[in-house]
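Close look at the chain arrangement
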Amino acid sequence: MPRQPRRQELSPTPEPVPNYGDSPSMLDKVGATAEVAREKVDNAANSAWRNAKKYIPSALLHRSAQDYYLMFYNLLNIGLWTYLLVLVTAHLLTPSPPPTVLNPAPGPTISSSTASETLGAYLKNIFRPFKNVKATSTGFTSTNSHKFSALEKGTGYITSILHTFIERSRTTYSARGIGVYTLIIQSMALLEVVHSALGIVKSPVQTTAMQVASRLAVVWWFVEAEPSARTSTFYSTMLVAWSLSEIIRSQYYMASLLHLTPPRAHTNRLVATSIDILTYIRYSAFYILYPLGSGSEYMLMLKGFPSFPSKSAAIATKGGWNLLSAKGVPAWKVFFQRVKVWVTSWDAGAWARVPFVFIWPAGLFILMTYMQSQRRKALGRGSGRSTASGRTVVGRKKVQ
């Protein structure tokens, strides 16, 4: 009997064990995805920056932190002084200004509160520029049927406009929070002295400190301490002169930081002409703005002195009657008696202002002399004077 072959029993095949060392983990996959996304974002950002650089002036690239700070400071200075100038202009041209947080009473008012007091009570202001700007009526009425000629109507209209302008300028301080804004903006000028002392700008420390100190004395002392100074027409003229001079100066410094002044050979002709005009205005406008601003400051400072007494007031004083009541008294005796009465009525604040009566004209002379020397450096002299770029301001072109 043949033998039956033995059935070979096959052992079960073991299941394969996964090798986790060969396949990436979930964290690795997430990291790889994030790296790819990061590269795409970097590439997109670099591409966008390369495209943006085509439209960014080269003067804004690769500058020091100091230059960027000065650019920001000058832009801020331009914005703040422009805002203040618009506020003053809007007040002088608007017959009935809208109520604001800093000036809740509608219409021009003569407020007894100071800017420092208002600044402590309010923090913001609503600004509505040039609303309802229109000329006022002439204010002339006729009781008969007389027909005014064109000349009479024109004269009456101009007279009314000037009268309205003067009356409104007396309320500039309390309108639209102008007194508060002036206090804040002008106090920021202390940074000008810091910039000069640290050598950030080339302006001399003494001249800068003298100009800033005079303005701070006006806004913090002469105006705040004397109600008649806050209702003076010279307060408006002072703010207009300050604003225009600061806007022009900051624009010129900004152009200098952007390497636009003096214009280069590759500078666009229109830009170069604009810079030359700005340079000429920068070193010529001070002939008008400095005397206007300093003269207004001087008049506000004099508001701290008592009014000059009349002859009758001098006679009413002790000893004045015996001196001035007699007939044939010389005019000079009358005048000196009035001066004596006037000086004896001064308080401590008036005596403290006496040195400034002489310092102010001297300071204006120093500032005008310094600016005139700067003008000669920037524009030269004579009929062919030009800017540093060689482009003509007045006369023929300068040969470089």
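Not measured: the values here are computed from a predicted model. (Residues numbered from 1 in each chain as written. Predicted model: local features only at pLDDT ≥ 70, side-chain atom pairs only at ≥ 80, totals over all residues. Heavy atoms only, no water.)

Structural notes on the pattern of salt bridges
- Tallying each qualifying case throughout the model produces six salt bridges.
- Linking E35 and R38 is a salt bridge whose minimum nitrogen-to-oxygen distance equals 2.5 Å. With E35 and R38 both in helix α1 (residues 26-53) and three residues apart, the pair spans about one turn of that helix.
- Classification of E35 as partly exposed rests on a relative accessible area of 37%.
- The partly exposed category is assigned to R38, whose relative accessible area is 43%.
- A salt bridge links D67 to R63; its shortest N-O distance comes to 3.2 Å.
- In this structure D67 comes out as buried when scored by relative accessible area, which is 17%. (Salt bridge = Lys/Arg side-chain N within 4 Å of Asp/Glu carboxyl O. Helix = DSSP H or I, 4+ residues; strand = E, 2+ residues; numbered from the N terminus. Buried < 20%, exposed > 50% of the residue type's maximum accessible area, 1.4 Å probe, protein only.)

Some remarks on unusual backbone geometry
- Although it is not a glycine, R176 sits at a positive phi angle of roughly 55 degrees.
- One can find R176 in the loop between α4 (150-169) and α5 (178-187).
- We note that H259 has phi near 60 degrees; this positive angle belongs to a residue other than glycine.
- By the element assignment, H259 lies in the loop between α9 (233-257) and α10 (269-282).

So, the packing of helix α7 (residues 205-225) against α9
- It is at 13 Å that the axes of α7 and α9 come closest, and there the two elements cross at 155 degrees. Here α7 lies roughly antiparallel to α9, going by the angle between them. For α7 against α9, the interelement crossing comes out left-handed. Judged by residue contacts, R215, V218, V219 and V223 of α7 engage Y235, M238, W242, S245 and E246 from α9.
- Residues of the contact of α7 with α9, tallied by class, amount to six nonpolar, one polar and two charged. (Axes fitted to C-alpha atoms, helices over the stretch in contact; angles between N-to-C directions. Parallel < 35°, antiparallel > 145°, perpendicular 65-115°, else oblique. Left-handed = near helix turned anticlockwise from the far one by under 90°. Contact = heavy atoms within 4.5 Å. Nonpolar A, V, L, I, M, F, W, Y, C, P; charged D, E, K, R; others polar.)

Quick look at the environment of Y290
- Structurally, the position occupied by Y290 is in helix α11 (residues 286-302).
- Note on Y290: relative accessible area 13%, which makes it buried.
- In contact with Y290, other than residues within four places in its own chain, are Q211, G295, L364, L367, M368 and M371.

Overview of the packing of α5 against α9
- As a packed pair, α5 and α9 sit with axes 13 Å apart at the nearest point and diverge in direction by 40 degrees. Classified by the angle between their axes, α5 and α9 sit oblique to one another. Classified by chirality, the crossing of α9 by α5 is left-handed. Contacts from I178, G179, T182 and Q186 of α5 reach α9 at Y235, L239 and W242.
- The residue inventory of the contact of α5 with α9, partitioned by class, reads four nonpolar, three polar and no charged.

Observations concerning a nonpolar patch on the surface
- The grouping of Y69, L191, V194 and L198 at the surface amounts to a nonpolar patch, some 350 Å² of accessible area in total.
- For the nonpolar patch, the element with the highest residue contribution is helix α6 (residues 190-198), accounting for three residues.
- With respect to the helices, strands and loops of the structure, L191 is situated in helix α6.
- For L191, a relative accessible area of 34% puts it in the partly exposed group. (Patch = residues over 30% accessible without salt bridge, like charges linked within 9 Å, V, L, I, M, F, W, Y side chains within 5 Å. Areas by Shrake-Rupley, 256 points an atom, 1.4 Å probe, with all protein chains shown as cover.)

Description of the environment of Y253
- With respect to the element layout, Y253 can be found in helix α9.
- Of the residues examined, Y253 reaches a relative accessible area of 26% and is grouped as partly exposed.
- In this structure, the C-alpha to C-alpha distance between Y253 and R282, residues 29 residues apart in sequence, is 9.9 Å.
- The residues contacting Y253, other than those within four sequence positions of it, are N74, S203 and R282.
- Of note is the side chain of Y253, whose polar atom sits 3.5 Å from the side chain of R282. (Polar contact = N/O pair within 3.5 Å; in protein donor to acceptor, adjacent residues only side chain to side chain.)

Re the nonpolar core
- In this structure, V218, Y235 and L239 are the most contacted members of the largest nonpolar core, which totals 31 residues.
- Every element with two or more residues in this core is listed here: α2 (65-93), α5, α7, α9, α11 and α15 (348-379).
- A per-element tally of this core places α7 first, with seven residues.
- For V218, the contacting residues outside a window of four places in its chain are V223, M238, W242, E297, L300 and W360.
- Judged by nonpolar contacts, the second largest core, of twelve residues, contains L278, L367, M368 and A378. (Core = buried A, V, L, I, M, F, W, Y, C linked by side-chain atoms within 4.5 Å.)

A closer look at the confidence of the model for the protein chain
- For the protein chain, per-residue confidence averages 76 on the pLDDT scale, and residues scoring 70 or more make up 66% of the total.
- Confidence drops under pLDDT 50 across residues 382-386; counting only partners more than four residues distant or on other chains, this segment forms 21 contacts.
- Note on residues 388-400: pLDDT is under 50 here. Beyond four places in sequence and across chains, it has 34 contacts. (pLDDT = per-residue confidence, 0-100.)

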